[in-house]
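As a plain string of letters, each chain reads:
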Amino acid sequence: MTLSGRSIDLNASEIAGCPSGLAPKESDETALLVDPTAFVKRSADEYSLDILVRGAKCGGCLSKIENGISELAGIDAVRMNLTTGRLHVSWKTKSLQSADIISKISSLGYGATPFDPEEADNEHSKRERQLLMAMAVAGFAAANVMLLSVSVWAGVDEMNAETKEFLHWISACIALPVVAFSGRPFFSSAISAIRAGHVNMDVPISLAVLLAVCMSLYETIHHGNHTYFDAAVMLLFFLLIGRFLDAKLQREAQSAARDLALMQTGSVTRINADGGAESVKASTLIPDDIIQVAAGERFAVDAVLISGCSELDNHMVSGESTPIISQIGQTIYAGTINLTSSIVARVKSSAENSMLAEVSKLLEIGEQQRSTYRQIADKAAKLYVPVVHTVSAAAFLGWMLYNGDFKTAIFIAISVLIITCPCALALAAPVVQVVAVGKLFKKNVYLKSGDALERIAACDYVIFDKTGTLTKPDASLKDNNIDLNHLELAARLARGSRHPYSRALACLAGPGEIASNIEEISGCGIQGVIDGKNAKLGSLKWVTGVASSSKDIPSLYFQYDDDEPVAFEFDETSVLGADCIATELDERGFKVELLSGDVHNKVAAFARKSNIELYSGSISPLEKAERIATLQSEGRKVLMIGDGLNDAGALANAHASLTPGGAADVSRAASDGVFSGDDVLVIADIIDIARRSRSRMLENFGFAALYNLVAIPIAVFGFVTPLVAAIAMSGSSLIVTLNALRLNLTQAKRVK
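Positions within a chain are numbered from 1, following the residues in the order the chain's sequence is written. The model is predicted, so local features are restricted to residues of pLDDT at least 70 and side-chain atom pairs to those at 80 or more, both for listing and for counting; the totals for chains, interfaces and linings are taken over all residues. Excluding hydrogens and water, the side-chain figures rest on all heavy atoms present in the structure.

A few words on the environment of Pro114. Its place among the elements puts Pro114 in strand S5 (residues 111–114). What makes Pro114 buried here is its relative accessible area of 5%. Secondary structure is summarised from DSSP: a helix means a run of H or I of at least four residues, a strand means a run of E of at least two, and numbering begins at the N terminus for each. Burial status follows relative accessibility: with a 1.4 Å probe on protein chains alone, a residue under 20% of its type maximum counts as buried, one over 50% as exposed, and anything between as partly exposed.

With that settled, consider the packing of aromatic side chains. Centres within 6.5 Å are what make two rings of Phe, Tyr or Trp a pair, Trp counting through its six-membered ring; a difference in plane orientation under 30 degrees is then read as stacked, over 60 as edge-to-face, and the rest as tilted. A full pass over the atoms with the stated rule returns four aromatic pairs. Plain terms: the ring middles of Trp399 and Tyr402 are 5.5 Å apart, the flat faces sit at 85° to each other, and that makes the pair edge-to-face. Of this pair, Trp399 and Tyr402 both sit in helix H11 (residues 376–403), three residues apart, roughly one helical turn. In this structure, Lys536 packs its charged tip against the face of Trp542, placed 4.9 Å from the ring centre. Note on criteria: charge over ring means Lys NZ or Arg CZ within 6 Å of the ring centre, with the direction from the centre no more than 35 degrees off the ring normal.

Further remarks concern the pattern of salt bridges. Every case where a carboxyl oxygen of Asp or Glu lies within 4 Å of a side-chain nitrogen of Lys or Arg is listed as a salt bridge. One pass over the structure, following the stated rule, counts 16 salt bridges. Of the charged contacts in the structure, one is a salt bridge between Asp685 and Lys443, with a shortest N-O distance of 3.7 Å. Within this pair, whereas Asp685 is found in helix H24 (residues 682–716), its partner Lys443 is found in the loop between helix H14 (430–442) and strand S15 (445–447), the two being separated by 242 residues in sequence. A residue is classified by how much of its surface remains accessible, and Lys443, at 30% relative accessible area, is partly exposed. Each member of the salt-bridge network shares a partner with another, and the members are Glu488, Arg492, Arg495, Glu513 and Asp531.

With that settled, the discussion passes to the packing of helix H15 (residues 451–458) against H24. Think of each axis as a best-fit line through the C-alpha atoms, taken over the contacting stretch in the case of a helix, with angles from 0 to 180 degrees between the N-to-C directions. Their axes nearest at 8 Å, the elements H15 and H24 cross at an angle of 110°. By the angle class used here, H15 and H24 are roughly perpendicular. Facing Leu453, Glu454, Ile456, Ala457 and Ala458 of H15, the residues of H24 in contact are Ile686, Ile687, Ala690, Arg691, Ser693, Arg694 and Met697. Any angle between 65 and 115 degrees counts as roughly perpendicular, while under 35 counts as roughly parallel, over 145 as roughly antiparallel, and the rest as oblique. Residues count as neighbours in contact if any of their non-hydrogen atoms are within 4.5 Å of one another.

On to the side chain of Asn338. Tracing the chain through its elements places Asn338 in strand S13 (residues 337–338). On the basis of relative accessible area, Asn338 is assigned to the buried category, the value being 0%. Two N or O atoms count as a polar contact when they lie within 3.5 Å, although within protein this holds only if one can serve as hydrogen donor and the other as acceptor, and sequence-adjacent residues are included solely when both atoms are side-chain atoms. A polar atom in the side chain of Asn338 sits 3.0 Å from the backbone oxygen of Val293. Polar contacts involving the side chain of Asn338 include one to the side chain of Ser310, which spans 2.4 Å. Contact partners of Asn338, with chain neighbours within four places excluded, come to Val293, Ala294, Ala295, Gly296, Glu297, Phe299, Ser310, Glu311, Leu312 and Ile343.

Below, the structure is given as structure tokens:
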């Protein structure tokens, strides 16, 4: 399936490798060293293969690969995750060979091998190490060369020519090998872009660095006064910091799909035809296999219950807060936890076709969509490149026409490139992001990437999950004048149960003794012996024989010997700020909606209490993702806030997303940020800081443009020296940094 709505470069298919030049063409020598046939999966009449693609870096790569594979006869669906490099291909015709797919990818200029998660992770780790090493070397060189440059500037009237020349040669000995080593990420990208017929941000960076070094070396050899070795290594160091952080965030973005995959690869007890039990990988199960799931285990596949009775925790799957009693013939979805007793079920679908797999696909689609998001800095950079090149070339031609002096003309052209180096532009967004992330950190909010701030600031619609987000995930015991003696006695039974209500009761009572002869009866409760007397803790009907309660309140009833039964009532506890968060967001221009997998009457009651007008209950994970897709097709930019496994797909597909700290690992990994969850009003603070951050970024870019308007004439008319360049670069960087620090001067404003 090729995603629609993506612009396609008609010439991209003619270019080998990344059409944007962000990565060089991959060699096809190793394309078929591993036979892909062994990695092909077959399901009914369909074949599928997961491939690790190397060298794909941009949206053009995505379109090029998906459209290229789709041209092969018999291809049914193609989907690529640009973040992980994972390409999923499915087909139905036997005539198509998996080797043909690998060969096609190779012919497009990309490396391709059967997908191995460890290999994919190693590729990203290797790139991180390379960037870290380059950054460290550039940082060491920048510190030493700047020390030498300051000595030259300080002794301009007192230092003799021989000493100055000696210091220049030392700077050259440091800078030349460092530029050759640390500049490789920029040089290779620039070369690839030029070969592809494109110009990216790395082209002017590479030109500025190389020309600065070459001119400085020429000046040193010919006993000149000015060198730019310090500017070259400083520029590399600052830009490599950004590249390293970007690579690190990209690798961490894979963790959502990887964590979800781990839930599908655990061991399962399979019952063989002879009645024997064996432990097998969940990935090896096929439909109609019989499995046994013990109390406390999680279902790894979708299955149908065929024997046994237990209580099931669907909180992480559907969002339903109250455990349900299983029934014969009931479909139990992957991710559900079996609470009380062992049950036997028939596999309904394999791990790769389970509900967890569907959520995994939603995650990949969401990551793919976010990978095409262009940050403000990227848009500014697109304008920067042609303007700087044009001005530099015009300066060279102008001075050649003016005095015909090639040395003066090339010196001034290089000066234009150096003084307009993208330091202010490169720092305009990152410094704001660092300050904003630091401010949010003090509020126990952790963002995964800088562009998350921009996406949050652009949102105009908020969707909340209920259980675990606006309410605490665990049941709480109501304090209705509870008798402490009854509480302690009931806790002796509760400590032997996995049921959420039992756990809440035991938690309130604290550590203590456990009853003897404990027996848990699914759908009823738990019984045992306390101090030689029988005791029961469970439903009203089981404990007392009464059919129903007059109160529609979740309860456990405890009976000790022949004493009168005692009721323990439970309730959902709203997190701090849940009752007024909708009002806060409404004041900021947001439309608020509540989508929950919990039963409709609970959702409706909570929505009324929280002043949320739009709400829906019993919503499946796919329905949440579909609702977000519908809103975004209408032009809305949705901020999704949820915590469960059932929210992961919606979190990944929303324009931006947040999750509380107690959320499932998969949901935390799929979201843009994590907040403590103790006070949901912090979401209003996140939005305020994100919006102010966007304003500071735009101000910084405005200043960068103004800086260039002033700096370019100075360079064009020949007034730039290394000292002037250093002051200009440092001054512009200082101004954008100070402007970013203004974020710390504003305080949160709340309606209530």
